[in-house]
Amino acid sequence: NSDYINVCALTGDMVDAPSAATFAEMTAVESDYTFDILKAVGNHEKKFNNLTMTNAQIYTNWGLATNTGELHYYKDYPDCNIRVIAINPYDTASNEADSHYTQTQLDWFVNALKGAKTAGYAVIVLRHNFDGRKTVSNNYGFYQRFFWWDEHFDTDLKCSGTPIEDIVHAFMTGGSINQTY
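Just so you know, these numbers come straight off a predicted model, no measurement behind them. (Residues numbered from 1 in each chain as written. Predicted model: local features only at pLDDT ≥ 70, side-chain atom pairs only at ≥ 80, totals over all residues. Heavy atoms only, no water.)

Student: Explanation requested: helix α6 (residues 163–173) in the structure shown.
Tutor: Counting buried residues in α6 gives eight out of 11 residues, a clear majority hidden from the surface. Within α6, the full set of buried residues consists of Pro163, Ile164, Glu165, Asp166, Ile167, Val168, Ala170 and Met172. Among the residues trailing α6, Gly174 stands out with phi positive, at a value near 75 degrees. (Buried < 20%, exposed > 50% of the residue type's maximum accessible area, 1.4 Å probe, protein only. Helix = DSSP H or I, 4+ residues; strand = E, 2+ residues; numbered from the N terminus.)

Written as structure tokens, this is what we have:
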């Protein structure tokens, strides 16, 4: 344990094969720590080779107790004015390795961001993968680097994005979205 670590963020692929046994091994290791361990699901938790798990099985095997009862959730740190939001890019019945978001989760995400803004919180979003390559100008500092920073991308590039990137961009700029995905 560390007196200097308050939160650890794990953004997927913590197991190599989705099974109750591998999740039990992971949670046993986590139980040694007293700080918060926030998790975002990755494709290896959902499907690896011929092994698959439903979102409900992942939730149960991870031992999560989130404010949504789902793999997408947020946790507020009022002393720091920060909201950490974990989103689930595998929020459909699909077992593909590509990202899929339900409209319910997208609506929830918008409301979680709005709630953070109303509370005066900064936001950190946890997600396993970065689908799409939409970037924004460097004027957004931390958020730009967190969401879209990659040294080989042009940080001034404007292109058609994906729902999460578009929602975050609207949140950061005070804009809105009127697009079908």
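Student: When you look at the environment of Ile5 in this model, what are you seeing that I'm missing?
Tutor: Here Ile5 lies in the segment before β1 (7–10). Note on Ile5: relative accessible area 37%, which makes it partly exposed.

Student: Just checking my understanding: could you explain the packing of helix α1 (residues 20–30) against helix α3 (residues 55–62) for this structure?
Tutor: Axes are the key here: two packed helices are described by the angle between their axes and the distance separating the axes. At a minimum axis distance of 9 Å, the contact between α1 and α3 shows a crossing angle of 35 degrees. Judged by the twist between their axes, the crossing of α1 over α3 is right-handed. Residues Ala20, Phe23, Met26 and Thr27 of α1 touch α3, and the partners they reach there are Ile58, Asn61 and Trp62. Of the residues in the contact of α1 with α3, the class split is five nonpolar, two polar and no charged. (Axes fitted to C-alpha atoms, helices over the stretch in contact; angles between N-to-C directions. Left-handed = near helix turned anticlockwise from the far one by under 90°. Contact = heavy atoms within 4.5 Å. Nonpolar A, V, L, I, M, F, W, Y, C, P; charged D, E, K, R; others polar.)

Student: Any chance you could explain the nonpolar core here in plain terms?
Tutor: As a rule of thumb, nonpolar side chains are buried together in soluble globular proteins. Membership of the largest hydrophobic core comes to 16 residues, with the highest contact counts inside it found for Ile85, Ile87, Phe109 and Ile164. Where this core is concerned, the elements lending two or more residues are α4 (103–119), β7 (122–126) and α6. Sorting elements by how many residues they give to this core places α4 first, with six residues. Residues in contact with Ile164, not counting those within four places in the same chain, are Ile87, Tyr101, Leu106, Phe109 and Arg127. Core analysis: the second largest hydrophobic core is formed by 11 residues, Val15, Met53, Trp62 and Leu71 among them. (Core = buried A, V, L, I, M, F, W, Y, C linked by side-chain atoms within 4.5 Å.)

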